Amino acid sequence: MPSDTIAKVQDYKDSLIKKAEQLITQGFPKKIVQLNELLTTPMFYERKFSDVHQDLNIPVPDPVLVNNNDGGDMDKPSAKRARTEPPSVSGVKVMYLPTGSVPCNAPLCEMIKIVKPIIRKLVEDSNFLKMWISFMIPKIEDGNNFGVSIQEDTLAEIQTVETEAAAFFDQISRYFLSRAKVVSKVAKYPHIDDYRRAVVELDEKEYLSLWLVVCEVRNRYSSLHDIVTKNMEKLKKPRSSNAEHLY
């Protein structure tokens, strides 16, 4: 392998280690403070569920009157059929909505626009710390592996945080998909108020979830900062140089 390639790889490792230490000592505390301040803003603090309610823009059509003519035998349903076959209830064929499209929930979209970069940053920072600890794990040797076990435990905790942060993205996409399905039910069955209420309940649930996501991201930054700073010495130097004096 060319020497310049080896030198570039080593430079990358050295720069990553330096940036990771700065991230722990400076970046994480600053991020914790920013998230605490965000949770005190009107968008997240003591917000009422009614603030995220939004009209669906799907009117209730006029009822269609069905006339049953008793005079003719062809129009009169047989008693046997009435007993054996329950009447079918079909929805309205939705070709287009007369009042236009059904918009997304604007207050929640505003919150999601703020929350998604926060989640992405946590994923990036977790991945960054994961590589930092991986580079500092020494070669496998017999004995004196207490510091290495601390590195491995910390690495497992960081990987868990990274997985949880990625799952927050999936939660947001599933909300839009679930809402679209319920709204389509409202468009097909506009007379059924339960579907309309289901949309309201789904929006309230997503609002609470977004608030909880910001709290969890803040908590994850705090826990990672705490566990890394408490074990910084062992993470950077897992094996003591004077281990031979212990025997």
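Above this text you will find the structure in question.
Structure report, in brief. This one's a predicted model, so the numbers in the text were calculated from it and none came from an experiment.

**As for the overall build of the chain**
1) Next: Scanning the chain for helices and strands turns up 6 helices and 0 strands.
2) Next: By residue count, 30% of the 247 residues in the chain fall in the buried class.
3) Next: Sequence-distant contacts in the chain: of pairs separated by 6 or more residues, those separated by 24 or more amount to 89%.

**Regarding the nonpolar core**
For soluble globular proteins, the rule of thumb is that nonpolar side chains tend to be buried together.
1) Next: Membership of the largest hydrophobic core comes to 43 residues, with the highest contact counts inside it found for Phe44, Leu129, Trp132 and Val217.
2) Next: Per-element accounting of this core gives the leading share, 11 residues, to helix α3 (residues 106-136).
3) Next: Each residue touching Trp132, except ones within four places of it in the same chain, is listed here: Leu16, Ile17, Ala20, Glu21, Val228, Met232, Leu235 and Lys236.
4) Next: Counting 7 residues, the second-largest nonpolar core is a separate cluster that includes Val182, Val183, Ala187 and Val199.

**Things to note about the pattern of salt bridges**
Close approach of charged atoms lets side chains of opposite charge pair.
1) Next: According to the stated counting rule, one finds 10 salt bridges in the structure shown.
2) Next: A salt bridge links Glu124 to Arg120, with the shortest nitrogen-to-oxygen separation between them at 3.1 Å. Of the two residues, Glu124 and Arg120 are both situated in helix α3; the distance of 4 residues between them amounts to about one turn of the helix.
3) Next: Its relative accessible area of 41% is what places Glu124 among the partly exposed residues.
4) Next: Ionic pairing is found between Lys121 and Asp125, a salt bridge with its closest N-O pair at 3.5 Å. Taken together, the residues Lys121 and Asp125, both in helix α3 and 4 residues apart, mark about one turn of the helix.
5) Next: With a relative accessible area of 33%, Lys121 lands in the partly exposed category.
6) Next: Several salt bridges converge on common partners, so that one network encompasses Glu164, Glu216 and Arg220.

**Examining the environment of Trp132**
1) Next: Assignment of secondary structure puts Trp132 in helix α3.
2) Next: Distance from Trp132 to Asp14, taken between C-alpha atoms, is 9.5 Å for residues 118 residues apart in sequence.

**Some points on the packing of helix α1 (residues 3-39) against α3**
When two helices pack together, their arrangement is given by the angle between their axes and by how far apart the axes lie.
1) Next: Between α1 and α3, the shortest axis-to-axis distance is 10 Å and the interhelical angle comes to 145 degrees. With respect to the hand of their crossing, α1 and α3 are arranged in left-handed fashion.
2) Next: In terms of residue class, the contact of α1 with α3 is made up of 16 nonpolar, no polar and 6 charged.

**Quick look at the packing of helix α4 (residues 146-188) against helix α5 (residues 193-230)**
1) Next: Taken N-terminus to C-terminus, the directions of α4 and α5 make an angle of 170 degrees; their axes are 10 Å apart at the nearest point. When the interaxial angle is binned, α4 and α5 end up roughly antiparallel.
2) Next: Of the residues in the contact of α4 with α5, the class split is 18 nonpolar, 4 polar and 9 charged.

Rules behind the numbers
Residues numbered from 1 in each chain as written. Predicted model: local features only at pLDDT ≥ 70, side-chain atom pairs only at ≥ 80, totals over all residues. Heavy atoms only, no water. Helix = DSSP H or I, 4+ residues; strand = E, 2+ residues; numbered from the N terminus. Buried < 20%, exposed > 50% of the residue type's maximum accessible area, 1.4 Å probe, protein only. Contact = heavy atoms within 4.5 Å. Core = buried A, V, L, I, M, F, W, Y, C linked by side-chain atoms within 4.5 Å. Salt bridge = Lys/Arg side-chain N within 4 Å of Asp/Glu carboxyl O. Axes fitted to C-alpha atoms, helices over the stretch in contact; angles between N-to-C directions. Left-handed = near helix turned anticlockwise from the far one by under 90°. Nonpolar A, V, L, I, M, F, W, Y, C, P; charged D, E, K, R; others polar. Parallel < 35°, antiparallel > 145°, perpendicular 65-115°, else oblique.

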